[in-house]
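Given next are the chains, with one letter for each unit.
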Amino acid sequence: MAVQYILRFDDITPCMDWDKFNIIEKSIINFGIKPIIGVVPENRDSKLKIGNKNGRFWETIRNYQSLGWGIAQHGCYHQYTTNSGGILGLSKKSEFAGLDYDKQFELINTGKQILNNEGIKVDLFMAPSHSFDITTINVLKKCNIKHITDGFGIYPYDYKGITFIPQLYASPLNHYFGIYTICLHTNTMNNEGLIKIVEFIKNNHKCIISYEQAVKCKDNSVFNKYLFKIILILIRKLKKKFR
């Protein structure tokens, strides 16, 4: 199978930098691309309050969903509560990892209800700072959320009853096979970075798929689930050693 890509946009809130996002949005709609967008149900993170409030925020999100975009529940409040990196170990802060089941259920269920009340149906989860633990997975299953946009691997895979859609890169890279989610934070991108993504979409739109298409290509082999993770861990250790 030839290489395919998923575009993932984090930190979607009413007060994000919509001017930047709209630059990329035009290309996404023009080429009929269906990205993943991580919507914060009730943002309480001051760092994500950047621009003027979008008074039509929920109407905008409902429109994106009608276009087939993947709406991911991006935490609940995007408010960090612990210093745990969770099962991926990619950060040292979390809204969920390290909390007990009841507290995590309260957060995730509250976030899902906020989205449901706005007419947004979700079965996809995006943890702030990529940090979640086994308890989070158990809560997601209880809340009938079946997919996580995160993890290691070349193709989506099942783990503990949840389908993981791996997310490895924060910028476009050329590959020959696999499905790669590109994680983008438009709030912090400069003009050069925005143009780079627009050009990537223009040149590769035929290879960009939705998360729903991706989950049909699951690979539950040991190689896909674990070997790629081991390789990445070794690379990180070597980088630290030779800094």
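Let me sum up the structure you'll find in this document.

Reading the values: rules and limits
What you see as residue numbers is a count from 1 along each chain, following the sequence as written. Totals for whole chains, interfaces and linings use all residues, but because this is a predicted model, local features are given only for residues with pLDDT of at least 70 and pairs of side-chain atoms are given and counted only at 80 or more. Remark: hydrogens and water are excluded; side-chain values derive from all non-hydrogen atoms of the structure. Where helices and strands are cited, they refer to DSSP runs of H or I of at least four residues and of E of at least two residues respectively, numbered from the N terminus. Only protein chains enter the area calculation, which uses a 1.4 Å probe; residues under 20% of their type maximum are buried, those over 50% are exposed, and those in between are partly exposed. Contacts are assigned to residue pairs with any non-hydrogen atoms lying within 4.5 Å of each other. Two distance rules govern patches: like charges are joined within 9 Å, and nonpolar side chains (Val, Leu, Ile, Met, Phe, Trp, Tyr) within 5 Å, applied only to residues with over 30% relative accessible area and no salt bridge. Shrake-Rupley sampling with a 1.4 Å probe provides the accessible areas, and residues are treated as covered by the protein chains on show and by no other component. Any carboxyl oxygen of Asp or Glu that lies within 4 Å of a side-chain nitrogen of Lys or Arg is treated as forming a salt bridge with it. A pocket here means an open set of points on a 1 Å grid, computed over the protein atoms alone, that has protein on both sides within 12 Å along at least five of seven lines. A cavity is instead a set of points where a 1.4 Å probe fits but cannot get out; residues with an atom within 4 Å of a point line either one. Grid points are joined across faces, edges and corners, and a volume is the space filled by probe spheres set on the points. In this classification, Asp, Glu, Lys and Arg are treated as charged, Ala, Val, Leu, Ile, Met, Phe, Trp, Tyr, Cys and Pro as nonpolar, and every other residue, Gly included, as polar. Pairs were defined over the aromatic rings of Phe, Tyr and Trp, the Trp ring being its six-membered one, requiring ring centres within 6.5 Å. Orientation was assigned from the angle between planes: stacked under 30 degrees, edge-to-face over 60, tilted for the rest. Only when DSSP finds a minimum of two bridges between them are two strands counted as paired.

A few words now on the side chain of Thr60. By secondary structure assignment, the location of Thr60 is in helix H2 (residues 57-66). On the basis of relative accessible area, Thr60 is assigned to the buried category, the value being 19%. Contacts of Thr60, omitting those with residues within four sequence positions, involve Trp18 and Asn54.

As a further point, take a nonpolar patch on the surface. A cluster of nonpolar residues, Val222, Tyr226 and Ile230, forms a patch on the protein surface that exposes about 300 Å² of accessible area. Tracing the backbone shows Val222 in helix H7 (residues 222-241).

The next thing to look at is the layout of surface pockets. Of the pockets and cavities examined, the second largest pocket occupies roughly 240 Å³. Looking at the lining of the second largest pocket residue by residue, the class counts come to 5 nonpolar, 7 polar and 6 charged.

Counted according to the given criterion, the structure contains 12 aromatic pairs. On the numbers, 5.6 Å between centres and 0 degrees between planes, the contact of Tyr157 with Phe164 is stacked. A residue is classified by how much of its surface remains accessible, and Tyr157, at 7% relative accessible area, is buried. With a centroid separation of 5.8 Å and an interplanar angle of 75 degrees, the aromatic rings of Tyr159 and Phe164 are classed as edge-to-face. When its relative accessible area of 2% is taken as the criterion, Phe164 is described as buried. An aromatic cluster is built from Phe9, Trp18, Phe21, Phe57, Trp58, Tyr64 and Trp69, whose rings are joined through pairwise contacts.

Moving on to the pairing of strand S9 (residues 179-184). Look at any regular strand and the pattern is simple: side chains alternate between the two faces of the sheet. Within S9, 6 of the 6 residues are buried, which leaves the element mostly enclosed by the surrounding structure. Burial along S9 is two-sided: Ile179, Thr181 and Cys183 and Tyr180, Ile182 and Leu184, pointing in opposite directions, are all buried. As defined by bridge partners, strand S1 (residues 4-12) adjoins S9 across 6 bridges and the pair is classed as parallel. Across the sheet, the residue bridging to Ile6 is Thr181, located in S9.

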